[in-house]
2 protein chains.
Amino acid sequence: MIQLREAQQFVINQCPPLGQLALPLQEALDCVIGDSVVATESIPPFTNSAMDGYAVRSADTVGAPVRLAVIGSIMAGQVLNEDLAPGQAARIMTGAPVPGGADAVCMIEETDDHDEGRSVTIRREVRRGEFVRQQGRDVGIGDVVASAGTVLSPAHLGVLANQGVLSVLVHPHPHVGVLSTGDELYTGTGPLPPGKIRDANRHSLLALVRREGWNVTDLGIVGDDDESLRQRLTTAASTCDAIITSGGVSVGDLDLVRVVLDDLSGRTMRWMQVAIRPAKPLAFGLLADSGTPVFGLPGNPVSAMVSFELFARPALRAMGGHRSLHRPVVPAVTDVNLERRRDGKLHLLRARVSLDNRGGWHVETTDGQESHHLQSMSEANALILLPDGSGARAGDLVDVVVLGANDLTRDGAVVTEHDRQMTMS
Amino acid sequence: MIQLREAQQFVINQCPPLGQLALPLQEALDCVIGDSVVATESIPPFTNSAMDGYAVRSADTVGAPVRLAVIGSIMAGQVLNEDLAPGQAARIMTGAPVPGGADAVCMIEETDDHDEGRSVTIRREVRRGEFVRQQGRDVGIGDVVASAGTVLSPAHLGVLANQGVLSVLVHPHPHVGVLSTGDELYTGTGPLPPGKIRDANRHSLLALVRREGWNVTDLGIVGDDDESLRQRLTTAASTCDAIITSGGVSVGDLDLVRVVLDDLSGRTMRWMQVAIRPAKPLAFGLLADSGTPVFGLPGNPVSAMVSFELFARPALRAMGGHRSLHRPVVPAVTDVNLERRRDGKLHLLRARVSLDNRGGWHVETTDGQESHHLQSMSEANALILLPDGSGARAGDLVDVVVLGANDLTRDGAVVTEHDRQMTMS
């Protein structure tokens, strides 16, 4: 048996980042940029008004109230083609360019217009620069707007669009093929024939891949047939960056998956027994012709999902150029006793993690810790890492891998401190 | 000005769940099921072996070692067409059906085969039921496998596939159109003309929608032209479940967006001033002909994103049938002073939240809290809720809306307690 970390490292080391591609902004969402992007335009691109009001020369407002001649009106998107001379003002809308000569804006609420808008009274003295957003205040030309290694968020796409960058060089999302193997898998839609089971894994694994925003190909099911398996894998390698199979990797399984993968990988496929439970068996290697990584996950539905989380997900993130590969691990108080025996393995218990009113992490197991019990996985949003030994008692701190954070609190409605005090009492 | 909660409730109340549709499993990922799904098949569907070994009658193994006649071999997916008589055993692989007459499995490691597999020595007494997974042990017919209101996770899709359910009745993801408005927005790709700015909002908002897994239509940019705006909105309403616009909702803005939306909504559009900063202006209403909700978000890039988070996202989740509408809010220690003046508004500060080694929440602001500073939003993974008053001091607990949880810890690599002690010392 090899240790979890060693197995993870073995897999990740053989999954270098995919080469960079120029992608349109929306396709680059959640991708990693390999090189920093530097501003070629300043933000704001011109000095503009932060308020609706009047652009003025602040010196003119000394001893306010003062009356100024209004020489024009500037909407957002327009420019005034003359500078303000002393004694002049211009009506200006939020975001419109401050005209030459002006150095401040007086908000509309502190003015009175006269003569059908041809003159205005500024009621109080305006400070130089008031309600004016200077060109380049937020971003100057040459500033790094997104540094190498950044994962492009919706806000980053806005920042790039603001620079006129509508296509960006990124490590693309990996394209992942998902295949199930085994004669026991029933491909029909009618009632199950005797001895057959339905294919849960492909659906779970396709969804896990899609949830990451990656591209996916459903490679279907292949029975225990050498030639079909060989052909399906070879075809998949021509379009996919990586292939995930499930089934056929346990010690006692039919040799078929092993024979084919050993052969296609030029004997580089490694058949591991990882010191964890569930998800002990794991195969990993690169197809010889294409270099395509193949993750051979266990056939057990829960084992397949846990193995995806521990091995395939971080390695595929590495292919996507991510620097942070793993789920967050947090210490949480277990609210239940966690019993186990010493067996040389790290146990991963399906669990629900939640936050108490003070932000403290709590965790409890979901029912059914057998590796084939998919129901408990569907109720889980976390995995408890229970190291080899005699377990933990209720109240102990345990390490928890957080798989999803959407449902950490029962209701995260935006509340003010006032609301909170009322609901907590 | 109206309070945040009231504005949220006003918007959400007008966004009832979309009618249920039968969708293929993969399209139903992260959708909400309206009715519970009940098992029509038991899991496991037949009593099967948990190990590679020999299926036996446990009574035969009393006084082991004993020698038994091997009457066949059962691979996963196969069935043995005869029952075990006393004194008989059958070779069996993991997952294969336990034959009639057998009530236990002896693992292969505790057996010796003879006569080219025609007989086997069982070395130790086997308990009744040992390594046997009983039919229906995990799921019985009639059990609820996914209850009403469940958000379908990858594991749920596996659970449903296991039941032969490949299409499921769900509230579909909303289809959202995103439109930017304003003559100041430059639609070309060359250098910016004077007074024009680039459209960041549409890219950020499209990405925010896509990140939720929802369907999106890019409705582009409409300048300040009554007829174009009217037509674009009407066309969009025929394909979209909801429309998000940005720009044109501030008090001083050109009346155009307001005139058109007021008209198309049959005067039901409500133009709000919400007691928050940023994102004070908000328009919301339903188009009269189609009932399509329209979210009129502010034009400021940061305000648009914050407004999406506070109003559009929870309302669109409500349309998707979600019961939990809001982001989690956690109490976190602020590591910096948070200064503000009393202005009757709840302030939302862009911030980075992180977990310390003990799972405690910490938060600090990202630079630049002006509403047009998109850069600070791109560095943020949280919003601090700073209620009206004089702010907070470093060390105080503040409420924080957690926007993303992927990067809460610097490196969430799966570590054992042993590793942890080494890295923390």
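Anyway, here's the lowdown on the structure attached to this text. Computed from a prediction, not measured in an experiment: that's the story for all the values here.

1. Considering the overall build of chain A
Along its length, chain A carries eight helices and 29 strands. Its C-alpha radius of gyration of 31 Å places chain A more than 25% over the 22 Å reference for a compact globule of 425 residues. Overall size of chain A, expressed as C-alpha extent along the three principal axes, is 95 × 60 × 45 Å. Relative to its full complement of 425 residues, chain A shows a buried share of 56%. A sequence separation of at least 24 residues applies to 71% of the contacts in chain A between residues at least 6 apart. Looking at chain A as shown, the accessible area adds up to about 17200 Å², and 48% of this sits on carbon and sulfur atoms.

2. Brief notes about the sheet that holds strand β2 (residues 32-33) of chain A
Taking strand neighbours across the sheet as the criterion, the three strands line up as β1-β13-β2 (chain A) in an open arrangement whose pairing is antiparallel. Two strands bound the open sheet, and with one partner strand each, they are β1 (21-24) and β2 of chain A.

3. Points about the pattern of salt bridges
On inspection of all chains with the given rule, the structure shows 44 salt bridges over all chains. The partner of Arg270(B) in a salt bridge is Glu6(B), with the nearest N and O atoms 3.8 Å apart. Taken together, the residues span a long stretch of sequence, with Arg270(B) in strand β19 (residues 270-273) and Glu6(B) in helix α1 (residues 4-13) at a distance of 264 residues. Residue Asp112(B) pairs with Arg123(B) through a salt bridge whose shortest N-O separation is 2.9 Å. One end of the pair, Asp112(B), is in strand β9 (residues 111-114); the other, Arg123(B), is in the loop between β10 (119-122) and β11 (132-133), and eleven residues separate them in sequence. One salt-bridge network, in which partners are shared between bridges, spans Glu110(A), Arg124(A), Arg127(A) and Glu130(A).

4. What to know about the relation of the copies chain B and chain A
The relation between the two copies of this chain is a rotation about an axis and a shift parallel to it. At an RMSD of 0.1 Å, chain B and chain A line up after a rotation of 180 degrees and a shift of 0.0 Å along the axis. Such a combination of turn and shift is consistent with a two-fold rotation axis. A symmetric contact is evident, with 99% of the interface residues of chain B recurring at the interface of chain A.

5. Things to note about the packing of aromatic side chains
Summed over the entire model, instances satisfying the criterion amount to five aromatic pairs over all chains. For the ring pair Phe10(A) and Phe284(A), a centre distance of 6.3 Å and an interplane angle of 85 degrees mean the geometry is edge-to-face. Here Phe10(A), found in helix α1 (residues 4-13), pairs with Phe284(A), found in strand β21 (residues 281-286); they are 274 residues apart in sequence, far enough to count as distant. On the numbers, 5.4 Å between centres and 15 degrees between planes, the contact of Trp361(A) with Trp361(B) is stacked. Note that Trp361(A) is positioned in strand β26 (residues 361-365) and Trp361(B) in strand β26 (residues 361-365), a pairing that runs across two chains. One aromatic cluster is present, formed by Phe10(A), Phe284(A) and Phe295(A) through successive ring pairs. Of note, Arg91(B) hangs over the ring of Tyr54(B), and the distance from its end group to the ring centre comes to 5.7 Å. Over the aromatic face of Phe10(B) sits the side chain of Arg270(B), whose NZ or CZ is 4.5 Å from the ring centroid.

6. Description of α1(B)
Residue and element names in this part refer to chain B. Buried within α1 are the following residues: Leu4, Ala7, Gln8, Val11 and Ile12. Down the axis, α1 shows its buried residues gathered within 125 degrees of arc, on one side only. Elements that come into contact with the buried residues of α1 comprise β19, β20 (276-277), β21 (281-286), β22 (293-297), α6 (301-319) and β25 (346-355).

7. Some thoughts on the side chain of Asn201(A)
All names here are of chain A. By the secondary structure assignment, asparagine 201 is in helix α3 (residues 201-211). In this structure the side chain of asparagine 201 is engaged in a polar contact, spanning 3.1 Å, whose partner is the side chain of serine 246. Apart from the residues within four sequence positions on either side, asparagine 201 is in contact with Ser180, Ser246, Pro298, Gly299, Asn300, Pro301 and Ala304.

8. Considerations on the environment of Ala312(B)
All names here are of chain B. For alanine 312, the location among the structural elements is in helix α6. In sequence terms alanine 312 and isoleucine 244 are 68 residues apart; their C-alpha atoms lie 7.9 Å from each other. Residues in contact with alanine 312, not counting those within four places in the same chain, are Ile244, Phe295 and Ser307.

Cut-offs and rules
- Chains are numbered independently. Their residues run from 1 in the order of the written sequence.
- In the order they appear in the text, chains get letters beginning with A and ligands get numbers beginning with 1.
- Per-residue local features of the predicted model are confined to residues with pLDDT of at least 70, and side-chain atom pairs are confined, for both listing and counting, to 80 or more; whole-chain, interface and lining totals are unaffected and use all residues.
- Derived side-chain values reflect all non-hydrogen atoms in the structure, with water molecules and hydrogen atoms excluded from consideration.
- Secondary structure elements are taken from DSSP: a helix is a run of H or I of four residues or more, a strand is a run of E of two residues or more, and numbering for both begins at the N terminus.
- Radius of gyration means the value over C-alpha atoms here, while the globule rule gives 2.2 Å times the residue count to the 0.38 power.
- Residue exposure (1.4 Å probe, protein chains only): buried if accessible area is under 20% of the type maximum, exposed if over 50%, otherwise partly exposed.
- Pairs of residues are marked as contacts when any of their non-hydrogen atoms sit within 4.5 Å.
- The accessible surface values rely on the Shrake-Rupley method and a 1.4 Å probe; as for residues, cover is taken only from the protein chains in view.
- Pairing between strands requires that DSSP locate at least two bridges from one strand to the other.
- Counted as salt bridges are all cases of a side-chain nitrogen of Lys or Arg within 4 Å of a carboxyl oxygen of Asp or Glu.
- Superposition of the copies was done by least squares, using only C-alpha atoms of residues whose pLDDT is at least 70 in both.
- Stacked, tilted and edge-to-face are the three classes assigned to paired rings of Phe, Tyr and Trp, where Trp is represented by its six-membered ring and a pair needs centres within 6.5 Å; plane angles under 30 degrees give stacked, over 60 edge-to-face, the rest tilted.
- Look at NZ for Lys and CZ for Arg. If either is within 6 Å of the ring centre and within 35 degrees of the ring normal, a charge sits over the ring.
- By arc we mean the arc of the directions from the helix axis to the C-beta atoms, nothing more.
- Two N or O atoms form a polar contact when they lie within 3.5 Å of each other; inside protein one atom must be a possible hydrogen donor and the other a possible acceptor, and for residues adjacent in sequence the pair counts only when both atoms belong to side chains.

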